[in-house]
Amino acid sequence: MINEILNQIENWIPPQLPESMTWDDVPKGDMPGDKVSITDVHIERAEVLFPLIVNEIKKLVESGQEKFVVGICGGSGAGKSGAAVVLSWYFNELGIGCYNMSGDNYPRRIPKDNDAERIRVYEEGGIEALEAYLGSDQEICFEEVSEVLEKFKAGEPMIALRRMGREEGELWYDEIDFSNIRVLIIEWTHANSDNFTGVDIPVLLNSTPLETMEYRVRRNRDAAADSPFVTMVLTLEQKKIQKQARKAKIILSRQGQILSYDEYKDLMGD
């Protein structure tokens, strides 16, 4: 069944929303309170990425795999959330069940407490200590993410997914029905991290720290999003993303071009 659907992609034309719908009506990710506005840029990137992701899934199908995890990684300004929404809609429109999961639900502390912990780590240990903390298992519950992906691939029909708000006590779990889901997209800065397992197709959306900061300011996710400390954090996170880029199956530039790893390194000045 899935082979028949995937083979349609050879002549695939990106579907258009029905006249009765807008992108506001399409299901977004599962991060509570997150605002995701779909733009032409997100759609254009998804149109480039979708056939390439499908080709990677075909390889996995040939090896006998039945459930597939796509990791959309990159800085906050890279357009991960928007691209993931469009990609999920494409899969569902084809009849391949897809769920869009946000990795931002899995830090060990609510955002304001984690921001305070980052500052404490920096004040006590300097930039090296902060770099070691960011994206580490001290900051993020990577083991929970790995467990979710393992259960998904094992075919468990109901999986409890973590939800995190921005205030004390805003942590809960929702039972999600995965019985008809074949593709799980996890969109996350750390979706290509070495600290967890289970992603089959890592996709890197490239952006610079400046682009990331500008996007965070527009998206209004955090107070003082353009502060010197946040700028330093984004720069350090970018370094980690670059170190992990070697594992990406697909790398997309800010301009919407597919890059080889060598081309990516040249672009980023490595």
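Residues numbered from 1 in each chain as written. Predicted model: local features only at pLDDT ≥ 70, side-chain atom pairs only at ≥ 80, totals over all residues. Heavy atoms only, no water.

K.L.:
Tell me what's going on with the environment of glutamate 117, and back it up with residues and numbers.
P.N.:
Among the secondary structure elements, glutamate 117 is positioned in helix 4 (residues 111–133). Taking C-alpha positions, glutamate 117 is 36 Å from glutamate 263, a pair spaced 146 residues apart along the chain. Non-local contacts of glutamate 117, meaning those with residues more than four positions away in its chain, are made with Arg109 and Tyr133. (Helix = DSSP H or I, 4+ residues; strand = E, 2+ residues; numbered from the N terminus. Contact = heavy atoms within 4.5 Å.)

K.L.:
An account of helix 2 (residues 40–62) is requested, with residue identities and associated values reported.
P.N.:
Helix length check: helix 2 (23 residues) gives 34 Å between terminal C-alpha atoms against 33 Å at 1.5 Å per residue, within 8%. Where helix 2 ends, the next residue or the one after it, glycine 64, has phi of about 100°, a positive value. (Expected span 1.5 Å × (residues − 1).)

K.L.:
I'd like a description of the packing of aromatic side chains, backed by residues and values.
P.N.:
Across all of its chains, the model carries 13 aromatic pairs by this definition. Between the aromatic rings of tyrosine 261 and tyrosine 264, the centroid separation amounts to 6.5 Å while the plane-to-plane angle is 20°, which identifies the pairing as stacked. Remark: tyrosine 264 and tyrosine 261 occur in helix 8 (residues 261–268); sequence separation between them is 3 residues, near one turn of the helix. Taking the relative accessible area as the measure of exposure, tyrosine 264 reaches 0% and is therefore buried. Members of the aromatic cluster, joined through ring pairs, are Trp12, Trp23, Phe50, Trp89, Tyr90 and Phe91. (Phe/Tyr/Trp six-rings, centres within 6.5 Å; stacked < 30°, edge-to-face > 60°. Buried < 20%, exposed > 50% of the residue type's maximum accessible area, 1.4 Å probe, protein only.)

K.L.:
Which residues make up the pairing of strand 3 (residues 158–164), and what values go with them?
P.N.:
Burial analysis of strand 3 places 5 of its 7 residues in the buried class, the great majority of the element. Looking at chain direction, strand 3 and strand 4 (residues 171–177) are connected through 7 bridges and run antiparallel. Note that in strand 4 the partner of methionine 164 across the bridge is leucine 171. Counted between consecutive antiparallel strands, the loop separating strand 3 from strand 4 contains 6 residues, among which glycine 169 sits at a positive phi close to 85°. (Pairing = 2+ DSSP bridges.)

K.L.:
Describe the sheet that holds strand 1 (residues 68–73), and please don't skip the residues or the numbers.
P.N.:
Spatially, the 6 strands line up as an open sheet ordered 2-5-1-6-7-8, and their pairing is mixed. Each edge of the open sheet carries a strand with a single partner, namely strand 2 (98–102) and strand 8 (258–259). Relative to strand 5 (residues 183–187), strand 2 runs parallel, the two sharing 5 bridges. Residue pairing in the sheet places serine 102 in a bridge with glutamate 187 of strand 5.

K.L.:
Requested: an account of the environment of glycine 97, with residues and values cited.
P.N.:
Mapped onto the elements, glycine 97 comes out in the loop between helix 3 (80–94) and strand 2. Considered as a pair, glycine 97 and isoleucine 110 are 13 residues apart in the sequence and their alpha carbons are 31 Å apart.

K.L.:
Requested: an account of the packing of helix 7 (residues 228–244) against helix 8, with residues and values cited.
P.N.:
Running from N to C, helix 7 and helix 8 cross one another at 155°; their axes reach a closest spacing of 11 Å. Classified by the angle their axes make, helix 7 and helix 8 are roughly antiparallel. Classified by chirality, the crossing of helix 8 by helix 7 is left-handed. Counted together, Gln238, Ile241 and Gln242 of helix 7 and Tyr261, Tyr264 and Met268 of helix 8 form the full contact between these two elements. Across the contact of helix 7 with helix 8, the residue classes break down as 4 nonpolar, 2 polar and no charged. (Axes fitted to C-alpha atoms, helices over the stretch in contact; angles between N-to-C directions. Parallel < 35°, antiparallel > 145°, perpendicular 65-115°, else oblique. Left-handed = near helix turned anticlockwise from the far one by under 90°. Nonpolar A, V, L, I, M, F, W, Y, C, P; charged D, E, K, R; others polar.)

K.L.:
How would you explain the pattern of salt bridges if you had to name every residue and give the values?
P.N.:
Counted according to the given criterion, the structure contains 17 salt bridges. In this structure, the salt-bridge partner of aspartate 200 is lysine 153, at a minimum N-O distance of 2.7 Å. Placement of aspartate 200 in the loop between strand 5 and strand 6 (201–205) and of lysine 153 in helix 5 (residues 142–153) is noted, with a sequence separation of 47 residues between them. Between arginine 246 and aspartate 194 there is a salt bridge; the shortest N-O distance is 3.3 Å. Residue arginine 246 is found in the loop between helix 7 and strand 7 (250–252), and its partner aspartate 194 is found in the loop between strand 5 and strand 6; the two are separated by 52 residues along the sequence. By relative accessible area, which is 46% here, arginine 246 ends up partly exposed. You can call aspartate 194 partly exposed: its relative accessible area is 48%. (Salt bridge = Lys/Arg side-chain N within 4 Å of Asp/Glu carboxyl O.)

K.L.:
Tell me about the pairing of strand 1, and name the residues and values.
P.N.:
A regular strand places its side chains on the two faces of the sheet in alternate fashion. Within strand 1, 6 of the 6 residues are buried, which leaves the element mostly enclosed by the surrounding structure. Every second residue of strand 1 is oriented toward a common face, with Phe68, Val70 and Ile72 on one face and Val69, Gly71 and Cys73 on the other, all of them buried. Note that strand 1 and strand 5 share 5 bridges and pair parallel. Opposite phenylalanine 68, over in strand 5, you have valine 183 as the bridge partner.

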